[in-house]
Amino acid sequence: MIDADIHTLTGAYALDAVIATERLDVELHLAECPTCALEADEFAGTAARLGTMLAVVPPAALRGQVLSEIRRTRQLSGRVVRFVVSMKQLRVRWVRQVTGRR
Amino acid sequence: MSIRAVTPEVSSGGGVADLSAEQLLERVAVGDEGAFAALYDLFAGRILGMVTRVLRSHAQSEEVTQEVLVEIWRKAGQFSSQRGTALSWALTIAHRRAIDRVRSEQSSIDREERADRLDLQRPFDEVAEITMEAFERDEVRRALDALTELQRESILLAYYKGYTSREIAEMLKIPVGTVKTRMRDGLIRLRDALSERT
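Presented here is a report on the structure given in the accompanying data block. Position numbers for residues start from 1 in each chain and track the written sequence from start to end. Each chain is given a letter, starting from A, and each ligand a number, starting from 1, according to the order in which they appear as written. Predicted model: local features are reported for residues with pLDDT of at least 70 only, side-chain atom pairs are reported and counted for 80 or more only, and whole-chain, interface and lining totals are derived from all residues. Just so you know, side-chain values use all the structure's heavy atoms and leave hydrogens and water out.

### Quick notes on the overall build of chain B
Line of reasoning, step 1. When helices and strands are counted, chain B shows 11 helices and 0 strands.
Line of reasoning, step 2. In DSSP terms, a helix is any run of H or I states spanning at least four residues, a strand is any run of E spanning at least two, and both are numbered starting from the N terminus. Across chain B, helices and strands are ordered from the amino to the carboxyl terminus as α-α-α-α-α-α-α-α-α-α-α.
Line of reasoning, step 3. Total accessible area on chain B is roughly 9500 Å²; 49% of this is exposed by carbon and sulfur atoms. What sets the accessible areas is the Shrake-Rupley method with a 1.4 Å probe; for residues, cover comes only from the shown protein chains.

Spelled out as structure tokens, the structure:
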């Protein structure tokens, strides 16, 4: 059940003002619409500017905690292509279409 | 796992000091812990500042910031410099995590009570220890000032407070479709205003 105005959702998506099901709809759309995908990437950069100007000095202890945590954390391997749609996501979408629930 | 075993020598000899955040992230993607430490120094303050702004709890913000940084370590291989800067990629991850936390922990009623619209007029004064140059803040502030009130309010309520477009529509008593288009229009104007100088 894709919003007829899905193109206008790039802004809300970049601001994380979408609910989970909308986020999925947008990501499915971005995977097939290069124009919106480019806009979404640009908006991500713009939204980030709203965040970067709030920089603070982190507590000194945080650095050590994070660095020791990553030493215990395995990295995901390989690059992924843009917006890989998992089987789970497709199933969620299918169930929503069948049941008519959002 | 085998990738990580070879990296300490590479990183210590590589001299991470002069590398850009994008180059550091590329090294982090192959398990370079030295590059990650350098990336931490570049990003941690910005991530913590933004997350604190959204969550308003220092203890929680540090916890979420730690999760974000570990996620950056895990997913470094997914970063693509063609799609944007490393900082933008990192802050996107951070914002989503902060928002998820805010939504899972607070009922919408609670957040509605806190939605003090007056508060929006001074969204930047709360952070005491700002390290970012005033120039950067002023530039963003000016760009925000140039938006219409509805564009600015929609964007700030979403980005800093974690409201969905539907919640914002209810609060401002306007159709949700209008909120969505105002967000997009406002971001287009912000994007254009901010890219002129960089």
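### Focus on the interface of chain B and chain A
Line of reasoning, step 1. Of the residues lining the interface, 68 residues belong to chain B; the matching set on chain A comes to 54 residues.
Line of reasoning, step 2. Around 5800 Å² of area is buried between chain B and chain A when both sides are counted, 60% of it from carbon and sulfur atoms.
Line of reasoning, step 3. When a carboxyl oxygen of Asp or Glu is within 4 Å of a side-chain nitrogen of Lys or Arg, the pair counts as a salt bridge. The interface formed by chain B and chain A includes 10 salt bridges.
Line of reasoning, step 4. Of the charged contacts, one joins A:Glu22 and B:Arg166 as a salt bridge, the two residues approaching to 3.4 Å between their closest N and O atoms. Here, residues are in contact when the closest pair of their heavy atoms is within 4.5 Å. Once two parts are brought into contact, the accessible area they lose, counted with a 1.4 Å probe and summed over both, makes up the buried area.

### Some words on the nonpolar core
When a protein is soluble and globular, its nonpolar side chains tend to lie buried together.
Line of reasoning, step 1. Put simply, buried Ala, Val, Leu, Ile, Met, Phe, Trp, Tyr and Cys residues joined by side-chain atoms within 4.5 Å make one nonpolar core. A 1.4 Å probe rolled over the protein chains alone gives each residue an accessible area, and that area as a share of the maximum for its type sets the label: buried under 20%, exposed over 50%, partly exposed in between. Ranked by size, the top nonpolar core spans 80 residues in total, and within it A:Leu15, A:Leu50, B:Leu25, B:Phe36, B:Ile47 and B:Ile72 carry the most contacts.
Line of reasoning, step 2. Top element by residues in this core is helix H4 (residues 33-55) of chain B. It accounts for 13 residues.
Line of reasoning, step 3. Once residues within four sequence positions are removed from consideration, B:Ile47 is found in contact with B:Thr65, B:Val68, B:Leu69, B:Ile72, B:Leu91 and B:Ala94.

### A closer look at the packing of helix H3 (residues 34-52) of chain A against helix H6 (residues 86-105) of chain B
Line of reasoning, step 1. Only the stretch in contact is used when fitting a helix axis, every axis being a line fitted to C-alpha atoms; angles between N-to-C directions are given from 0 to 180 degrees. The geometry of H3(A) relative to H6(B) is characterised by a closest axis approach of 9 Å and an angle of 75° between their N-to-C directions. In terms of their interaxial angle, H3(A) and H6(B) are classed as roughly perpendicular. On the side of H3(A), the interface is formed by A:Ala44, A:Gly45, A:Ala48, A:Gly51 and A:Thr52, while H6(B) contributes B:Leu87, B:Ser88, B:Leu91 and B:Thr92.
Line of reasoning, step 2. The residue inventory of the contact of H3(A) with H6(B), partitioned by class, reads 4 nonpolar, 5 polar and no charged. An angle counts as roughly parallel when it lies under 35 degrees, as roughly antiparallel when it exceeds 145, as roughly perpendicular when it falls between 65 and 115, and as oblique in every other case. Here the term charged refers only to Asp, Glu, Lys and Arg, the term nonpolar to Ala, Val, Leu, Ile, Met, Phe, Trp, Tyr, Cys and Pro, and the term polar to all other amino acids, Gly among them.

### Section: the environment of B:Ser88
Line of reasoning, step 1. Here B:Ser88 lies in helix H6.
Line of reasoning, step 2. Linking B:Ser88 and B:Val102, residues 14 residues apart in sequence, is a C-alpha distance of 21 Å.
Line of reasoning, step 3. Residues in contact with B:Ser88, not counting those within four places in the same chain, are A:Ala44, A:Gly45 and A:Ala48.

### Some points on the state of the cysteines
Each disulfide consists of one covalent bond between the sulfur atoms belonging to two cysteines.
All names here are of chain A.
Line of reasoning, step 1. Cysteine sulfur atoms that pair up within 2.5 Å are treated as a disulfide. Inspection of the entire model under this criterion finds 0 disulfides over all chains.
Line of reasoning, step 2. Its sulfur unpaired, Cys33 is 3.7 Å from the next cysteine sulfur, which belongs to Cys36.
Line of reasoning, step 3. Overall, the relative accessible area of 12% leaves Cys33 in the buried class.

### Quick word on unusual backbone geometry
Line of reasoning, step 1. The residue A:Asp16 is not glycine, and still its phi comes out positive at about 60°.
Line of reasoning, step 2. Among the residues examined, A:Asp16 registers a relative accessible area of 2% and is labelled buried.
Line of reasoning, step 3. Phi at B:Lys173 takes a positive value of approximately 55°, unusual for a residue other than glycine.
Line of reasoning, step 4. We classify B:Lys173 as exposed; its relative accessible area is 72%.

### Details of helix H9 (residues 149-161) of chain B
Residue and element names in this part refer to chain B.
Line of reasoning, step 1. The first and last C-alpha atoms of H9 sit 17 Å apart over 13 residues, in line with the 18 Å expected at 1.5 Å per residue.
Line of reasoning, step 2. For H9, every residue scored as buried is listed here: Gln151, Glu153, Ser154, Ile155, Leu156, Leu157, Ala158, Tyr159, Tyr160 and Lys161.
Line of reasoning, step 3. Looking one or two residues past H9, Gly162 carries a phi angle of roughly 80°, positive in sign. Helix span, as expected, comes to 1.5 Å for every residue beyond the first.

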